[in-house]
Amino acid sequence: MATTADIKNGMVIKYNDDLYSIIEFLHVKPGKGPAFVRTKLRSLTSGKVIDNTFNSGVTIYPVRVERRKFQFIYKDEFGFNFMDNESFEQILLGENLCVMADLMKEGQEVEILINTEDDSALSCELPPFVELKVTYTEPGVRGDTANSPKKPATVETGATITVPIFIEQDELIKVDTRTYSYAERVK
């Protein structure tokens with residue numbers, strides 16, 4: 001057991017008979033009334049994000065989790081198949097456990113959260129940035145540059161990302177997996 005003073009980003013807690021990962025938190029101390037902690041929680045079973053407020057000092061129930069490196073092998077009708085980089089054993093995760101799965105390409109290294117109590121996989125997390133090749137985008141029109149124009153681009157995984165107008169087809173770009181947005185051109 002822990003209190004709200006122990007809350008950290010990435011911590012996994014048991015709340016309302018479900019497991020949640022803390023995405024962000026803010027300790028608020030208003031001038032009038034008791035302090036509280038405002039949190040943003042992601043359900044590890046459904047992937048939904050909820051906002052919740054805990055009163056300061058309330059007991060929370062952290063869950064021991066382990067982050068293990070896995071390699072994405074392939075996707076089939078049952079879900080996503082991953083291989084452990086150390087033991088070479090393979091596991092299968094359902095589509096609801098993989099956040100931003102359309103940015104994952106074969107051979108990609110990911111982190112999978114493992115519940116240490118029952119050794120079950122909780123969720124799959126991509127690295128903060130991935131490098132992807134643009135497979136299709138409309139050519140940029142010269143003179144169309146008011147207000148930093150953007151255009152849609154399809155990457156090699158099939159996802160559509162909004163990119164600046166100077167990005168061309170067959171270029172490598174870096175995509176931020178946390179915000180699902182273009183970060184920079186890869187040289």
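Residues numbered from 1 in each chain as written. Predicted model: local features only at pLDDT ≥ 70, side-chain atom pairs only at ≥ 80, totals over all residues. Heavy atoms only, no water.

Visitor: Sorry, what's going on with the layout of surface pockets here?
Guide: A probe as big as a water molecule, rolled over the atoms, marks out the empty space that is left. Its boundaries defined by the atoms lining it, the largest pocket holds a volume of some 660 Å³. Residue lining of the largest pocket: 29 residues in total, with Arg42, Val99, Glu125, Leu126 and Arg178 positioned closest to the centre. Mapped onto the lining of the largest pocket, the elements with two or more residues apiece are strand S3 (18-28), strand S4 (36-43), strand S7 (65-76), strand S10 (109-115) and strand S11 (120-125). Considering every element that reaches the lining of the largest pocket, the biggest residue donor is S11, with four residues. Classifying every residue of the lining of the largest pocket by side-chain character gives 13 nonpolar, eight polar and eight charged. (1 Å grid on protein atoms, 1.4 Å probe; cavity = no way out; pocket = protein on both sides within 12 Å on 5 of 7 lines; lining within 4 Å. Points joined across faces, edges and corners; volume = space filled by probe spheres on them. Helix = DSSP H or I, 4+ residues; strand = E, 2+ residues; numbered from the N terminus. Nonpolar A, V, L, I, M, F, W, Y, C, P; charged D, E, K, R; others polar.)

Visitor: Got a minute to help me understand the pattern of salt bridges in this structure?
Guide: Close approach of charged atoms allows side chains of opposite charge to pair. The tally for this structure, following the rule as stated, stands at ten salt bridges. Residue Glu156 pairs with Lys105 through a salt bridge whose shortest N-O separation is 3.7 Å. Here Lys105 lies in the loop between strand S9 (90-93) and S10 and Glu156 lies in the loop between strand S13 (150-155) and strand S14 (160-164), a separation of 51 residues in the sequence. Looking at Lys105, the relative accessible area reads 28%, which means it is partly exposed. Between Asp176 and Arg178 there is a salt bridge whose closest N-O contact spans 3.1 Å. Here the salt bridges share partners, and the residues they tie into one network are Arg67, Lys69, Glu111 and Glu125. (Salt bridge = Lys/Arg side-chain N within 4 Å of Asp/Glu carboxyl O. Buried < 20%, exposed > 50% of the residue type's maximum accessible area, 1.4 Å probe, protein only.)

Visitor: How do you make sense of the sheet that holds strand S8 (residues 79-84) when you look at a structure like this?
Guide: Taken together, five strands build an open sheet; the order of strands is S9-S8-S7-S10-S11 and the sheet is antiparallel. Here the strands that pair on one side only, and so sit at the sheet edges, are S9 and S11. Across this sheet, the average inter-strand angle for adjacent strands is 45°, counted without regard to direction. (Pairing = 2+ DSSP bridges. Axes fitted to C-alpha atoms, helices over the stretch in contact; angles between N-to-C directions.)

Visitor: Would you take a moment to explain the sheet that holds strand S5 (residues 49-55) for this structure?
Guide: Strand pairing in a sheet is mediated by backbone hydrogen bonds. Such pairs are either parallel or antiparallel. Strand order in this open sheet of six strands is S1-S6-S2-S3-S4-S5, and the pairing throughout is antiparallel. The open sheet has two edge strands, strand S1 (2-3) and S5, and neither has a second partner. Pairing between S4 and S5: seven bridges, direction antiparallel. Following the sheet pairing, Phe36 is matched in S5 by Asn55.

Visitor: Just checking my understanding: could you explain the UniProt feature "domain: Translation elongation factor P/YeiP central" (unreviewed entry) in the protein for this structure?
Guide: Annotation from UniProt places "domain: Translation elongation factor P/YeiP central" (unreviewed entry) at residues 67-122. A helix fraction of 0% and a strand fraction of 54% characterise residues 67-122, whose end C-alpha atoms lie 10 Å from each other. (UniProt positions renumbered as here; feature names shortened; annotations may be inferred.)

Visitor: What's the story with the nonpolar core in this structure? I'm lost.
Guide: Nonpolar side chains tend to gather and get buried jointly when the protein is soluble and globular. Formed by 28 residues in total, the largest nonpolar core has its most connected members in Phe82, Met104 and Ile112. For this core, the secondary-structure elements that each account for two or more residues are S7, S8, S9, S10, strand S12 (129-137), S13, S14 and strand S15 (172-176). Formed by ten residues, the second largest nonpolar core is a distinct cluster that contains Tyr20, Val37, Leu41 and Phe54. (Core = buried A, V, L, I, M, F, W, Y, C linked by side-chain atoms within 4.5 Å.)

Visitor: What exactly am I supposed to notice about the side chain of Asp18 here?
Guide: With respect to the element layout, Asp18 can be found in strand S3. In this structure Asp18 is buried but unpaired, with Lys14 as the nearest side chain of opposite charge at 9.0 Å. One polar contact links Asp18 to Ser43, side chain to side chain, over a distance of 2.8 Å. (Lys, Arg positive; Asp, Glu negative; His and termini not counted. Polar contact = N/O pair within 3.5 Å; in protein donor to acceptor, adjacent residues only side chain to side chain.)

Visitor: For this particular structure, what's the right way to read unusual backbone geometry?
Guide: It is generally the case that most residues other than glycine have a negative phi and that most peptide bonds are trans. Positive phi, normally seen in glycine, also occurs at Asn16, with a value near 55°. One can find Asn16 in the loop between strand S2 (12-15) and S3. Overall, the relative accessible area of 59% leaves Asn16 in the exposed class. One non-glycine residue with positive phi stands out, namely Asp119, at about 55°. Assignment of secondary structure puts Asp119 in the loop between S10 and S11. Residue classification places Asp119 among the exposed residues on the basis of a relative accessible area of 52%.

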